[in-house]
Every structure is written in structure tokens, then in C-alpha cells.
Amino acid sequence: MTLSFQSLGLSETRIQQLEQVGFTAPTEIQAQAIPHLLAGRDVVGQAQTGTGKTAAFALPILEQIDPTVQAVQALILTPTRELAMQVCQAIREFNEDRRIKTVTIYGGQSIEQQISGLRRGAQIVVGTPGRVIDLLSRGALKLDKLTWMVLDEADEMLNMGFIQDVEKILNQAPADRQTAFFSATMEPSIRKLVAKFLRSPITVTVEQTKAAPNRINQVAYSVPRGWTKSRALLPILELEDPESALIFVRTRRAAAELTSLLQEAGHSADEYHGDLSQSQRERLLLRFRQQQIRWVVATDIAARGIHVDDLTHVINYDLPDSVENYVHRIGRTGRAGKEGTAISLIHSMDRRKLRDIEHHVRQRLEFKSIPTRAEIEGRYLEKLQGQVREALSGERMASFLPIVSQLSEEYEPHTIAAAALQMIYDKTRPAWLTMGSDPVEEEYTRSGVPKPKPVKRGGRAPSANPGNKRSSARATSSK
DNA sequence: AAAAAAT
């Protein structure tokens, strides 16, 4: 097992730059692929997202680009615009001094800007197939000096029907070049493409042990019969109080509606879906990443590819259509070794989907009951206590001591502290706690539906469908 | 119904 970038053959300057951006040791895919790529071999890399594959091809490319040649020397194709942007951003991170010029080209944005970027002597181009072909046919993008060609997420590219576009581009690249394909799977169509366009490639594979990474804490809330999901969501959000969250819904319309509802409840939320223009999407993601918005309500447009650092929660307001999308969705959190929480709202209609999901991720979701006001208040008071502890360890507190001395001529210190806490409580408590009654507790009482007890679910899922004998019969027939 | 990509 290789443990340092030095031993992979990267230059000292590159390694220093890597250290500056926090890269100390190579990931498995990097350790396996970089030496071959530096040695001039074609490589097929089988690896999922989040394994560090961008650096695996970006570092050798940066190492071997000739900075004195003002022509496109590397072309990286990605299936989505989002991914193109992210790859480009990553390359810029590894290329701090900007000696090597990188541009991104994709649809939905001004083509003139991209053309002028190419004219200024771009050496690395990252792009989506459609716009790349467009620019090739306009003559704005020339590949005659190309020495590197990379296909990122090749399987996705083919799934989305880009095979003809991709072949057209590969055919226009000089034969004397180095080529790398990265793909999560190795289906026959990929193998065919590899056989056609790569020269005696070396295949490197990184095993993915689990369908869902276990640093993501997966929980579910059962939505009582007759309840709307939004009614269940609000108290859950109050209790969990996510620092940042992606909330997934099924339709664009639902995204817009839920966003208004959250905004009306005083939350920092915005929507993200296919009705938004490319620049609107980019602006929103920027605000989300800069933590100007805490929660984003999105369709499955955000299930893959979008990366937000430190995303603490993914919430499945509607369950996804496919189990694969469940894994992609929750994979937006728990990135870069951080912990994340994935919450799913389960309606009685969703039992079947839930079982498929649990089967696919090979684990049971932990069920919790919708929090009551008392629970939310308890959690909030805990948080308040933590904040007081933090203030006690600070220094700014000293400036308030004269006030306390003055008040303590009349009152006990305990009383003064409690009064101060009450003031903070009144100003900062969640909106949910200011309502007259507890709608959750009330609803449980009124409807006669027993409040679900948090259940640790073992080998089978008995509590999911109490009294429903058909459930076990269906379990055997589902695949 | 939604998503991806060239307009």
C-alpha cells in the first residue's frame, strides 16, 4: 500500500501545493492510477464518486501539461454541467499559481465568454458533450495539440444517451494521446468503448464495500395516517434544527410550495429545480455554499453530483423513485469523513419503497416519533445551556460584570442569571414553541392514533405494518 | 413526474 504522494512520482512543487489544500495522503484510486498515468499508460478506473478520482486524473495532467504551449492539451468530458464546474474547481485548487489555464464549457451559459476563454490560451478544458461539439464545429475549440482525454463518469454519460457525441469527440482527438475513462460500473457498453478508443489500458478498481456509507446516520419518521407531510416536517425540523439541509421532493411544484411554507414559518430556505435557469441554479448553490441559506428544497436534480461541504442533513420529504437515487441523495451528506444525517418521512403508502430501500442499503432505518412541543423545548433548552457554557469560557463576558454587581445588591445571583436566560429564551426560541397549543400532541390525542414508540428494528420489520398479514406475503414476492 | 444535454 502506497502512503505518500512522493512515492507516486509527483513533483515536489505539486506535493507542496497539495499540502496547502489539505491533501496529505493519496486515496486508493489515486495511489493505483497516478503512477500508470504518469508513465504514459491509458487507464480505466472503476470507482464511485467520493473516492478522489478527480485528483487521480487531474494531478498527472497538471504535471505533464507544457505551460509554454498556448493550446488545449487536455479535454475532460463530464455528463453534467454541475460536475464540469466541480472538476474545474478541483483542478484550480491543485494549480494554485494558475500557471496552467483551465476553462469550463457547457450549455445554458454565454458561449461568447467560453470562446474568449479558449482564445486566451486555455490548456485544460472541462466540458459537457453538447457544448464541446458545438465549439468544435465552430472552430473555437481545436484539438490538434491534445495529449490527454478523460471521460469522467463514463457510465452516466452513456446512460444519458451521449454515446454518439462522445464517439464523435474521441474521433476528432489526435490518435497520439493518452486516454483515461472513469466509471462506477463496467457494463458491456463501456467495455466496447474502452476497446475502441484506449490503447492497451490498465484497469484499476476500487472496491466499494457498502451501498450506503455508514458515516451517514439514517433515520425515518412515520407520518401518521391522515396527516400531511408538511405537518410532520415542521416539528421534525424544529427538533433536528439542521445547520444545513437538502430537502428532496418529487415535483418542481412541490419544491416551490414547500419552500414558501418554510419561508412563511420564518426559516432560511430556497428552492432548486429544473424550472430555474442555469445561472439561477449557480447563484443559489453559491449562496447555499456560503451558508447564506440553510435549507434547500430540491427535486432529484440535486440527487447526484452537487457537492456542498459540511451539509449536515438530507431529508427525503418524498421518497425517491429508485433505490439508487436514495443512495445518491443521502450521499450528499457525510462527505469528506464528516458525519451526516439522512431523514426519511414515511407515509403509509411508502412502506413498499421503504422495504426496497432497506433491502438495498442492507440495514434497517431507525424509526423515531414526530417530536412533541415538550421534546422540542427540551432540546432547545439543552442547546441554550451549551451556548451559556460557551459564553462562560469567553472573555467578552467581563464587560457585563458591573451590571451583575449592581443588580446583586438587590437580587440573588441565581435569580439574575435566570432572568437573563429568560430574555434570551424569549428572543431566540423556535417559532414552533410560541404557538398556543401543541398540534402534534393534540393530533395524537384527537385522532386516537397511538403515538409511535421509537423502535429498534431487528432482522425483520414487524412494526412497520402491524396487523397487516399481507405484508409478509408481499415481502416474498417483491424483488 | 423528473432529470440530463445544444438552441
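Residues numbered from 1 in each chain as written. Chains lettered and ligands numbered in written order. Predicted model: local features only at pLDDT ≥ 70, side-chain atom pairs only at ≥ 80, totals over all residues. Heavy atoms only, no water.

## Observations regarding the nonpolar core
Counting 42 residues, the largest nonpolar core has Phe-57, Ile-61, Ile-76 and Ile-124 as the members making the most contacts within it. Contacts of Ile-76, omitting those with residues within four sequence positions, involve Phe-57, Ile-61, Val-87, Ile-91, Ile-124, Val-125, Val-126, Gly-127 and Val-150. Within the second largest apolar cluster, 35 residues are counted, among which are Ile-115, Leu-135, Met-149 and Leu-158. (Core = buried A, V, L, I, M, F, W, Y, C linked by side-chain atoms within 4.5 Å. Buried < 20%, exposed > 50% of the residue type's maximum accessible area, 1.4 Å probe, protein only. Contact = heavy atoms within 4.5 Å.)

## Considering the side chain of Thr-78
By secondary structure assignment, the location of Thr-78 is in the loop between β2 (74-77) and α4 (81-93). Among the polar contacts made by the side chain of Thr-78, one reaches the main-chain carbonyl oxygen of Thr-80 at a distance of 3.0 Å. The contacts of Thr-78, once residues within four sequence positions are left out, are Leu-83, Ala-84, Val-87, Val-126, Gly-127, Thr-128, Pro-129, Asp-152 and Met-157. (Helix = DSSP H or I, 4+ residues; strand = E, 2+ residues; numbered from the N terminus. Polar contact = N/O pair within 3.5 Å; in protein donor to acceptor, adjacent residues only side chain to side chain.)

## Let's talk about the layout of surface pockets
A water-sized probe rolled over the atoms picks out the places where empty space is left. The calculated volume of the second largest pocket comes to roughly 1000 Å³. Lining of the second largest pocket is provided by 24 residues; of these, Met-397, Phe-400, Val-404, Ala-420 and Ile-424 occupy positions nearest its centre. Within the residue set of the lining of the second largest pocket, elements represented by two or more residues are α15 (373-392), α16 (401-407) and α17 (413-428). Per-element tally for the lining of the second largest pocket: the top contributor is α17, with nine residues. Tallied by class, the residues present in the lining of the second largest pocket amount to 19 nonpolar, three polar and two charged. (1 Å grid on protein atoms, 1.4 Å probe; cavity = no way out; pocket = protein on both sides within 12 Å on 5 of 7 lines; lining within 4 Å. Points joined across faces, edges and corners; volume = space filled by probe spheres on them. Nonpolar A, V, L, I, M, F, W, Y, C, P; charged D, E, K, R; others polar.)

## Concerning the sheet that holds strand β10 (residues 269-272)
What the seven strands build is an open sheet, ordered β10-β11-β9-β12-β13-β8-β14; its pairing is parallel. The sheet is open, and its two borders are formed by β10 and β14 (366-368), each paired with just one other strand. Pairwise comparison of adjacent strand axes, ignoring direction, gives a mean angle of 25° for this sheet. In this sheet, strand β13 (residues 340-346) lies alongside strand β12 (residues 313-316) in parallel orientation, the contact comprising four bridges. Its bridge partner being in β13, Asn-316 is matched across the sheet by Ser-344. Running over the sheet, helix α11 (residues 252-264) touches β9 (245-248), β10 and β11 (295-298) and is turned about 175° from β10. (Pairing = 2+ DSSP bridges. Axes fitted to C-alpha atoms, helices over the stretch in contact; angles between N-to-C directions.)

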